[in-house]
Structure formats: structure tokens, C-alpha cells
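Overview (structure and organization)
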Amino acid sequence: MKNSHSHHQMGHEIKSDGHDKLDDHGSGGDGHDHHHMIADYKRRFWICLILTIPILILSPHIQHIFGVHDILMFPGDVYLLFALSSVVYFYGGYPFFQGIYKELKVKNPGMMTLVAVAITTAYLYSSAVVFGLKGELFFWELATLIDIMLLGHWLEMRSVMGASRALEELVKLLPGHAHKLMPDGETMDVPLEDLSVGDVVLVRPGEKIPVDGEIIHGETSIDESMLTGESNPVHRIQGQSVIGGSINGDGAIQVEIQKTGEDSFLSQVIKLVGEAQKSRSQTQNLADRFAMWLTVIALTCGFITLMVWMVVTGQDLAFSLERAVTVMVTTCPHALGLAIPLVVAVSTALAAGNGLLIRNRTSFENARNIDAVIFDKTGTLTQGKFGVTDILPIDDEIDADEVLKYAASLESYSEHPIARGLAKKVDKHYPVEKFQAIPGKGVKGIIRGRKVEVVSPGHLAERGFTMDPEVLEKLSRNGKTVVLVVVEGVLVMAVALADIIRPESKETIHGLKNMGIKCIMITGDKKEVAEWVSSELELDQHFAEVLPSQKAGEVKKIQDEGFTVAMTGDGINDAPALAQADVGIAIGAGTDVALETADIILVQSNPLDVLKIIRLARSTYRKMVENLAWGAGYNIFAIPLAAGVLSAYGIILTPAMGAVLMSASTIIVAVNSRFLKMGR
């Protein structure tokens, strides 16, 4: 996708990139359009359901139940019943015949094999009865079973396609055109595919932002909830980035384009969520193996049931065959097949809607086992920029707020990171006259007629100034940077600055500890700084002065202690450590979501999302296990009943009742999947 690639083309990519999860069921896994497949199953279901109504009316068993056999019976009715049932069998059963062919071709019998054998056995036996064999007709059981199976597959496809439809909704977030600023200052509406990096677009209040870029003029609040999950509008000013697809608030802004086409945030989100849908779940592999063995067991039990009733008990072929067919029908592991794909579809969509992008489903599922989280410090637990942590007035007679405003106003003229941290401490600055930088030592100037200096302790010590050494030592011991404020030659205030700890970090660490997870920090910063951050956040362990190339080794050491480790970093200098960890989580990625080494990408710069992803992984696994229990438990309960072990007590499970029970377990699994939440 080049710059000329439009968002309309993106939609086609999504449709053609859909993963054939349905291959597992043998239902058309050859890359055909899933939308067409859904329509095909839907059409087959409705046609077969309509034909099932006269089949039920014409079935002798149903007529006897309602006492209308004499009223509805007419010459040739059994042949009409045979004809209608043949249409349902061949037309409605076609996907299952396709499925058994594909499953047996790869020597991996599964659900399709079981369904195809069950309906074929019922059809051939009932057809033989029509043309002279003594016995009962199974046509109505055959028709209702096919109806239920078609409905189940139709619903499954719709569920699996749910997240893909969510991606298509993401594509719709982009407007069709943008207001491009021309060299003469006029604006021209142009299609998105005609925009290039470096172009400038105007975004008016209330409009969707068409591209990823940087604000070069104006300020506004932006609604990014559809992209990041952040519900509150975020304030953006000149020099800050904006994401295509978000909604501009109350200010007009000019945006210089930085990314287009496949490089844009939205395109990368679509690509990543698509990859997550395609990556197979470990639990799904378990479910597939279980389904294969269940199929073998069902076919074996069906044959044994047939032989026992015919040979051992001396029952006739009709009764014995009914028992065998019932075993195969009730054992059909359709609910088991739905158990994992439905949860995968729901969890992927739920994660994406909360700004959690899953690139590797296996690692995501492993996140439930995490018992140690290693955080990078700068940009992850901290904001990665200086801020004021302590204000220490030295002269009690001064107005501390006023002096702080003097210092912030003076520092606003400097580009030094420490200066910017101090300048942001106050909202409005005083004008400064005769500003002068003292290289390596500080700054000075005239504010409101007073000579103000903001300088280092070393510079003042050279000039003979003194202050309490214990105060300086305490602040320095915590790794903080101290600057001193001098007004009219008098030392009046000390200000300590440090890399500000994110307000969410403490809540994150507290939450992880409550989950029994060890919290560790790794940083290339000085030991004093690491100790201060570790103490403030009550971390279990920290490593300081670690080079980026050494971080992976530290992760390995923690793993060697027996911990399942998640590494959480900014994804740039932490790449080797992210790759080494059992689960690599990139945080603070912003619009750069194409981080090859991360398993999970957190769109927002919020460490609390680490808690979210672990909770979601645990609740997702819990749902999968619940669904597997429903699917497998139903089969374990149903096989003996279907075989007729309680027939001596008058309890006989008919094929139709077996199909009803099977569909009930499928519905329970489907509904249970929809109740998946982020977890606590």
C-alpha cells in the first residue's frame, strides 16, 4: 500500500485477508469470500427449514404423537416425504459432505465426519424403509439435525466475522476527502489517496482528522475513543501528533502529514488485529484434538451400540440402528468446535476496542500465567521528562509562589529538558528582559525590575553561597536534580526536579501485587534514581545502570528463577528484552504500532493497560475452559443415554432429542462467549 492507496482499498484488503477459521470444520476453507459463505449457509438453512415443515407433517411418528395419522395420510405420502427429505439431505447436507471429504483426505476426522455419517446413515436406512425394508422412518430427525447444524455453522461464521466487521468500521472512520492547504493559502478538497507526506491539511471543528500528522498551527481537544479506548478528549497543541480517524473538537488546526497509507496508525491497527484473528489459539489446537478423538469414540460407540442391540439383546435392525444413529448425532461435538473461535473473536474485538492490540495469540494466552512483570523505567513507569518534585523555600519571608513563577518564567526561555520541566510548573509566565544563559551553570535575567538567577548548586558554591548540606544530599541521594533560585543576590529557594512518575504507575503496581505478580524495574539510569522510583512505587526489585544490550540478559535471569515473565517497555531500545520475555508488551507506542518484537501493543501510554491485558487473558482463558467443559461434559453425559443404557427404565433418547440437547449446549457456549468481559 503506497501513499496513493486509499482507505477504500483498505476495506477490500480486510475482506480478502480474513482467516479461514472455518477450515477446521471443512466448510469452504479455500480462500472464498466469507461473506459469500455466510450468505450460502443462511440460504441453505432457510430453504431446509421451510422444507422441514411438510416433512414433519408427513412423518408418521409426528402424526401419531398428535393423533392425526388417519387425517393426514394419503396415497403416495411416503414418496413425497422421501422426495422432500432427499432435497434436504443433498442440498442441506452438501457442506458436510464437502467437510468429510476434506477431513478424511488429511486423515483428520472431526465434526464434519460425524455429521455426514449420522445423516447418511439415517437417510440410507429411511430410504430403504420407503422401498420395502421393515423399520421406522428417520427423515424428520435427519431434517431437523441438518437444520440445527446449518444454523450452528451460520451463527459461528457470523461470530468469527464479528471482529473483521469491526475492522471495516475502523476503515469507515476516515473521511473520503481532506482540506489541503495550497501554496497560495487557499484550501482545496482532495481525495485521501492524493495526499503525500509533508502536505498540510486544515481540520475544522467537529471534523474527522484525515491523516496521521503533527499540528503546526492551532490547538484543540480530540476524541480518540474509537482508536485508543480513551474516553476523555485529549488536549493537543502545536507540535503534538494527531491520529487519522480521531474526531477534532472545538478548535481549527493545521496538520502536517507524517504518515499515509500502510504506515498510518489505522492501517497498522487493521493489519495487527487481522494478524491476531489469523493466529491460532493453543487452546483451539487442544479442542481440535479433543474433537478428533471424540469423533473416533462416537463412531466406535455407534458401531458397538448397533452390534450389542442386534447381536446381544436380539433387537431388530430398526431399533438397533436408531440407537447407533442417536449415539452419533448426540456426540457431534459442534459446541466443542464453537468453544474457542467464539471466545477468540470476542476477546480480539474487546481488546482492540480498549487500545490493546494482540499480535501473538499464543503469547496473549500465556499472559494468564505471568507471575513477574519487568518494567522499563523511562517512558513506562515515568513520563520520560523532567518535572518539579520538591519546592524548598530557604527564606521564610518570601512569597514562594511568586518566586516559583520568576524561576519558571526565566526557564521558559531555555530549551534544556530541566528548564522545560520547571517552566511547565506554572501556567502563565512573566516577560523576561536581558535573558542570558550561563553555559553549564544556569540562566539569568531581569523580571519585573528584579535580577533573577536559576543556577546549579556547584555554581553558587563557587561564589561562596552556602545552604544546608543535608537537604542537598537527601535530594541528590534520590537521584533528583536540584536548582537554586537567587533574587537580587539573595538565595531564596531550592527546587528539585526528576523524571516524573506516571500517576497510574502506583495503581498498576498495587493491582499486580494483589494478583500475586512480582513487580521489577529495569533501567539504564543511575542507581540513586532507580532506588527513588522503586521506593515510591514499592517495587519488589530493581536493576539500575543496565545497558539496552544487557536488558535481555536480566530478563533471562528472572526466567531462570522459574518465573513466567512479561517485559513492558517502549519497544525501541527494549526490543531484545521484549523478544526474550515470555510475553513482550510495548507500552507508549502512540502512533508507531508496528513494533515487530512485541507480542502485545498498548496504544495508550498507560501502564494500567498491563493490568487490563493480564485480566483479559485470564478471563479469556476462563471462558475457553467453561466452553470446553460445556461441550465435552455434554458429550460425556449424552453418549450412555444415546446408547440406551437406561432403556430398561423407559428412558430412550431419540435422535431428534439428541439433536436438541446438542443444539442447547451450542447455544450455551455461544451465549457464554458473549459474556466475556475485561476481567478484574
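See the structure printed just above.
This is a predicted model, so every value here is computed, not measured.

A few points about the overall build of the protein
Along its length, the protein carries 25 helices and 22 strands. Among the 680 residues that make up the protein, the fraction classed as buried is 51%. When contacts within the protein are restricted to residue pairs at least 6 apart in sequence, long-range pairs at least 24 apart make up 68% of them. Surface accessibility of the protein: about 30,200 Å² in total, with carbon and sulfur atoms responsible for 57%.

Section: the nonpolar core
Generally speaking, a soluble globular protein has its nonpolar side chains buried in company with each other. Counting residues in each nonpolar core, the largest one holds 42 residues, and the members touching the most others are Ile55, Val88, Ile119, Phe139, Leu142 and Leu150. Counting residues per element, the ones that place at least two in this core are helix H2 (34–58), helix H5 (77–105), helix H6 (111–130), helix H7 (139–160), helix H11 (282–312) and helix H12 (317–330). Here the element with the most residues in this core is H6; it accounts for 10 residues. Setting aside residues no more than four positions away along its own chain, Val88 makes contact with Cys48, Leu51, Ile55, Gly93, Ala143 and Ile146. In this structure, Phe364, Ile370, Leu611 and Ile613 belong to the second largest nonpolar core, which totals 36 residues.

Structural notes on a nonpolar patch on the surface
There is a patch of nonpolar side chains on the surface, built from Leu133, Phe303, Ile304, Met307, Val308, Met310, Val311, Val312 and Leu317 and spanning about 790 Å² of accessible area. Turning to its location among the elements, Met307 is positioned in helix H11.

What to know about the packing of aromatic side chains
The way to describe two aromatic rings as a pair is by their centre distance and the angle between their planes. Using the criterion set out here, one finds 13 aromatic pairs in the structure. For the pair Tyr89 and Phe97, a centre-to-centre distance of 5.1 Å together with 65 degrees between the ring planes defines the contact as edge-to-face. Relative accessible area serves as the criterion here: at 7%, Tyr89 is assigned to the buried category. Geometrically, the ring pair formed by Trp309 and Phe319 is edge-to-face, given 4.9 Å between the ring centres and 80 degrees between the ring planes.

Remarks on the sheet that holds strand E20 (residues 565–569)
Within a sheet, each strand pairs with its neighbour through backbone hydrogen bonds, oriented either parallel or antiparallel. Overall, mixed pairing links the 7 strands, which are arranged E10-E22-E21-E20-E11-E18-E19 in an open sheet. Of all strands in the sheet, those with a lone pairing partner are strand E10 (356–358) and strand E19 (541–543), marking the two edges. The mean angle between the axes of side-by-side strands here comes to 20 degrees, regardless of whether they run parallel or antiparallel. In this sheet, strand E21 (residues 583–587) lies alongside E20 in parallel orientation, the contact comprising 4 bridges. Within E21, the residue paired with Thr568 across the bridge is Ile585.

Side note on the pairing of strand E2 (residues 187–191)
Across 5 bridges, strand E1 (residues 177–181) lies against E2 in antiparallel orientation. Across the sheet, His177 pairs through a bridge with Pro191, a residue of E2. What sits between E1 and E2 in their antiparallel hairpin is a turn of 5 residues, with Gly185 showing a positive phi close to 90 degrees.

Re the pattern of salt bridges
Any two side chains of opposite charge can pair, given that their charged atoms come close. Per the counting criterion, the structure on display carries 14 salt bridges. Note that Asp390 and Lys480 form a salt bridge whose closest N and O atoms lie 2.5 Å from each other. Linking Asp390 in strand E12 (residues 382–393) with Lys480 in the loop between helix H19 (469–477) and strand E16 (481–487), this pair joins segments that are 90 residues apart in sequence. By relative accessible area, which is 12% here, Lys480 ends up buried. Salt-bridge contacts for Asp540 lead to Lys513; the nearest nitrogen and oxygen are separated by 3.8 Å. With a gap of 27 residues between them, Asp540 in the loop between helix H21 (527–537) and E19 and Lys513 in helix H20 (residues 503–514) connect regions that are remote in the sequence. Overall, the relative accessible area of 42% leaves Asp540 in the partly exposed class. Beyond isolated ion pairs, a larger network of salt bridges with shared partners links Asp40, Arg43 and Arg44.

Some remarks on helix H22 (residues 548–560)
Since there are 3.6 residues in each turn of an α-helix, residues three or four apart along the chain are aligned in direction. Those residues of H22 that sit buried are Lys551, Ala552, Glu554, Val555, Ile558 and Gln559. Down the axis of H22, the smallest arc covering the buried residues is 160 degrees, so these residues share one side. Summarising the geometry of H22, the exposed residues directed more than 90 degrees from the buried face are Ser549 and Asp560. Buried-residue contacts for H22 involve strand E11 (372–376), strand E18 (518–522), E19, E20 and helix H23 (575–580).

Looking at the packing of H20 against helix H24 (residues 608–643)
A pair of packed helices is characterised by two quantities: the angle between their axes and the separation of those axes. Close contact between H20 and H24 brings their axes to 8 Å; oriented N to C, the two are set at 30 degrees. Classified by the angle their axes make, H20 and H24 are roughly parallel. Contacts between H20 and H24 involve Glu504, Glu507, Thr508, Gly511 and Leu512 on the former and, on the latter, Leu608, Leu611 and Ile614. Of the residues belonging to the contact of H20 with H24, the class tally is 4 nonpolar, 2 polar and 2 charged.

Observations concerning the sheet that holds strand E7 (residues 241–242)
Overall, antiparallel pairing links the 6 strands, which are arranged E2-E1-E3-E9-E4-E7 in an open sheet. The sheet is open, and its two borders are formed by E2 and E7, each paired with just one other strand. Bridging between E1 and strand E3 (residues 200–203) involves 2 bridges; their strand directions are antiparallel. Its bridge partner being in E3, His179 is matched across the sheet by Leu202.

A word on H20
Taken as a whole, H20 has its buried residues at Ser505, Thr508, Ile509, Gly511 and Leu512. Down the axis of H20, the buried side of the element spans an arc of 165 degrees, and every buried residue falls inside it. Of the exposed residues in H20, the ones pointing more than 90 degrees away from its buried face are Pro503, Glu507, His510 and Asn514. Buried residues along H20 sit in contact with E11, helix H15 (377–381), strand E17 (490–501), E18, H21 and H24. Phi turns positive one or two residues past the end of H20, at Gly516, with a value near 80 degrees.

Definitions and limits used
- Residue positions are given per chain, counted from 1 along the sequence in the order it is written.
- This being a predicted model, a pLDDT of at least 70 is required before a residue's local features are given, and a value of 80 or more before pairs of side-chain atoms are given or counted; all residues contribute to the totals for chains, interfaces and linings.
- The basis for every side-chain value is the complete set of non-hydrogen atoms in the structure, without hydrogens or water.
- A helix here means a DSSP run of H or I that spans at least four residues, while a strand means a run of E at least two residues long, and both kinds are numbered starting from the N terminus.
- The rule is simple: take the accessible area with a 1.4 Å probe, protein chains only, and divide by the maximum for that residue type; under 20% is buried, over 50% is exposed, in between is partly exposed.
- Should any heavy atoms of two residues lie within 4.5 Å, those residues are considered in contact.
- Every accessible area reported is derived by Shrake-Rupley at a probe size of 1.4 Å, with residue values counting cover from the shown protein chains alone.
- Definition of nonpolar core: a set of buried residues of the types Ala, Val, Leu, Ile, Met, Phe, Trp, Tyr and Cys, connected through side-chain atoms within 4.5 Å.
- Patch membership needs two things, relative accessible area over 30% and no salt bridge, and members are linked within 9 Å if like-charged or within 5 Å if nonpolar (Val, Leu, Ile, Met, Phe, Trp, Tyr).
- Any carboxyl oxygen of Asp or Glu within 4 Å of a side-chain nitrogen of Lys or Arg constitutes a salt bridge here.
- Pairing of aromatic side chains requires ring centres within 6.5 Å, counting the rings of Phe and Tyr and the six-membered ring of Trp. Pairs whose planes differ by under 30 degrees are stacked, by over 60 edge-to-face, and all others tilted.
- Only strands joined by at least two bridges in the DSSP assignment are considered to pair.
- Axis definition: a line fitted to C-alpha atoms, over the contacting stretch in the case of helices. Angles run 0 to 180 degrees between N-to-C directions.
- This arc corresponds to the set of directions leading from the helix axis out to the C-beta atoms.
- Reported orientations rely on four angle classes, namely roughly parallel under 35 degrees, roughly antiparallel over 145, roughly perpendicular from 65 to 115, and oblique for the rest.
- Throughout, the ten residues Ala, Val, Leu, Ile, Met, Phe, Trp, Tyr, Cys and Pro are labelled nonpolar, Asp, Glu, Lys and Arg are labelled charged, and all others, Gly among them, are labelled polar.

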